[in-house]
Amino acid sequence: MPELPEVETVKRSLLTNIGAKFMVIKINHPAVLRRQDFKPEELCGKKIKSIERRGKYLILSATSQRNLVVHLGMSGRFFMLGVQEQLQEPHIHAEIVLDNQRKLLYQDARRFGGLWLVKDLASFFRRMGKEPLGEDFNAVYLAEVIKNRKIAIKSLLLNQSLIAGIGNIYADEALFQAGILPSRPAGTLSNEEIIRLSRSIKDVLQMGIEQRGTTFRDYRDGNNETGNNQNNLQVYGRKNLPCPVCGKLICCDRIGGRSSHYCEHCQL
DNA sequence: CTGGATTCCTGCTTGC
DNA sequence: TGCAAGCAGGAATCCA
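The paragraphs below set out a description of the structure included in this document. (Residues numbered from 1 in each chain as written. Chains lettered and ligands numbered in written order. Predicted model: local features only at pLDDT ≥ 70, side-chain atom pairs only at ≥ 80, totals over all residues. Heavy atoms only, no water.)

## Side note on the overall build of chain A
Phase 1 of the analysis: What chain A contains, in helices and strands, is six helices and eleven strands.
Phase 2 of the analysis: Taken across its 268 residues, chain A has 52% of its residues classed as buried.
Phase 3 of the analysis: Across chain A, the fraction of contacts at a sequence separation of at least 24, relative to all contacts at a separation of at least 6, is 65%.
Phase 4 of the analysis: Here chain A holds 39 positive side-chain charges and 28 negative ones, and the gap between their average locations is 4 Å. (Helix = DSSP H or I, 4+ residues; strand = E, 2+ residues; numbered from the N terminus. Buried < 20%, exposed > 50% of the residue type's maximum accessible area, 1.4 Å probe, protein only. Contact = heavy atoms within 4.5 Å. Lys, Arg positive; Asp, Glu negative; His and termini not counted. Charge placed at Lys NZ, Arg CZ, Asp CG, Glu CD.)

Take a look at the structure:
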């Protein structure tokens, strides 16, 4: 499940394509094109000006307000190949040939992800929450969005309009590191807990980036290579395995419809 | 506004 | 062994 660290890793691995021109845009599965402010062909001949990330979205910007926005959903991959290379793989929904002897492939078995052709990025992202690795995401901001909320803190962390980029894996990991149960009503967190949580969010995301993302099953970076952070997870996916801190078995409950992993001894 | 449920989709896992 | 049911989840949408 590509979350902030995975999308950041894809972004970084694709940066060498900045300056290349779009040559051919082929949409094999039209349903993945979620918004079309302009025709795909209008990208052709234009240079990739920048490759950025916002939350879990990847943004390839060309000149004159022509932006290709990618969301990987659950099982999406966005990676490059040599222009002559052939892959015998299913679910390649879009292919983008560049003028640097490379092509970019968008592959997504479950099709929860998609592509957007966007002119006005500010408008497109107007409902996105703060970037959790930004300086303006801190305990003060977290306290502000938590205030008086009854929702489980885990569910609040997944709300992209409050904090952009946290998904199920890093939410569970951040709450474990902060020693807070995922089911705790957000408004019941103490100031100390809010400070710990704001730090642990940054910590687990930063670690995820350093490890080039978490590959549970589908995730690949822009070179179609797996990440390493699955080896660092303390609780996610470790149901009935010993807690790395106290040795008690990790629990797994559903919170807000999401599987949630925690240690009932270490988290309060 | 808030929070919960539902929907989309495929492929892996589970159980009979 | 084979098949069907269960499960996984990001975000939009709907409803109370």
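## What about the side chain of Thr-214?
Phase 1 of the analysis: Its place among the elements puts Thr-214 in the loop between helix H6 (191-210) and strand E10 (251-255).
Phase 2 of the analysis: Among the polar contacts listed, one links the side chain of Thr-214 to the side chain of Tyr-170, at a separation of 2.8 Å.
Phase 3 of the analysis: Every residue in contact with Thr-214, bar those within four places of it in the chain, is listed here: Glu-6, Ile-169, Tyr-170, Tyr-219, Asn-229, Gln-230 and Leu-233. (Polar contact = N/O pair within 3.5 Å; in protein donor to acceptor, adjacent residues only side chain to side chain.)

## Focus on the pattern of salt bridges
Phase 1 of the analysis: With the rule as written, the count across this model stands at 15 salt bridges.
Phase 2 of the analysis: Where Glu-8 meets Arg-53, a salt bridge forms, and the shortest distance between an N and an O atom there is 2.7 Å. Of this pair, Glu-8 sits in helix H1 (residues 4-14) while Arg-53 sits in strand E3 (residues 50-54); the two residues are 45 residues apart in sequence, bridging distant segments of the chain. Like Arg-53, Glu-8 is buried.
Phase 3 of the analysis: With its nearest N and O atoms 3.5 Å apart, the salt bridge here joins Lys-130 to Asp-136.
Phase 4 of the analysis: Note on Lys-130: relative accessible area 26%, which makes it partly exposed.
Phase 5 of the analysis: On the accessibility criterion, Asp-136 (45% relative accessible area) is partly exposed.
Phase 6 of the analysis: Several salt bridges share partner residues, and in doing so they unite Glu-8, Lys-11, Arg-12, Arg-53, Arg-54 and Glu-131 into one network. (Salt bridge = Lys/Arg side-chain N within 4 Å of Asp/Glu carboxyl O.)

## Topic: the nonpolar core
Phase 1 of the analysis: Within the largest apolar cluster, 30 residues are counted, with the highest numbers of intra-cluster contacts made by Leu-142, Ile-146, Ile-153, Leu-157, Ile-166, Leu-197 and Ile-201.
Phase 2 of the analysis: Taken together, the elements giving at least two residues each to this core come down to helix H3 (139-146), helix H4 (153-157), helix H5 (168-178) and H6.
Phase 3 of the analysis: Setting aside chain neighbours within four positions, we find Leu-197 in contact with Leu-142, Ile-153, Leu-157, Ala-174, Leu-175, Ala-178, Ile-180 and Leu-189.
Phase 4 of the analysis: Membership of the second largest hydrophobic core comes to 28 residues, among which are Leu-60, Leu-72, Phe-78 and Leu-115. (Core = buried A, V, L, I, M, F, W, Y, C linked by side-chain atoms within 4.5 Å.)

## Some points on the protein's contact with DNA strand C
Phase 1 of the analysis: Lining the immediate environment of DNA strand C, one finds 13 residues, of which His-71, Gln-160, Arg-254, Arg-258 and Ser-259 sit closest.
Phase 2 of the analysis: Of what DNA strand C places within 4 Å of the protein, 52% of the atoms are sugar or phosphate.
Phase 3 of the analysis: Within the contact set of DNA strand C, a base nitrogen lies 2.7 Å away from a side-chain nitrogen or oxygen of Arg-258.
Phase 4 of the analysis: In the surface near DNA strand C, the residues fall into five nonpolar, four polar and four charged. (Near = heavy atom within 4 Å. Nonpolar A, V, L, I, M, F, W, Y, C, P; charged D, E, K, R; others polar.)

## Overview of the sheet that holds E3
Phase 1 of the analysis: Pairing is mixed in the open sheet, where five strands are placed in the order E2-E9-E5-E4-E3. Taken across any chain shown, the strands that pair with only one partner, and hence form the sheet edges, are strand E2 (33-36) and E3. Going across the sheet, the axis of each strand differs from the next one's by a mean of 20°, ignoring polarity.
Phase 2 of the analysis: Strand direction decides the pairing type here: E2 and strand E9 (residues 114-118), joined by three bridges, are parallel. Each bridged residue has a counterpart across the sheet, and for Arg-35 the counterpart in E9 is Trp-116.
Phase 3 of the analysis: Set on the sheet, H1 makes contact with E3 and strand E4 (57-62); between it and E3 the angle comes to about 175°. (Pairing = 2+ DSSP bridges. Axes fitted to C-alpha atoms, helices over the stretch in contact; angles between N-to-C directions.)

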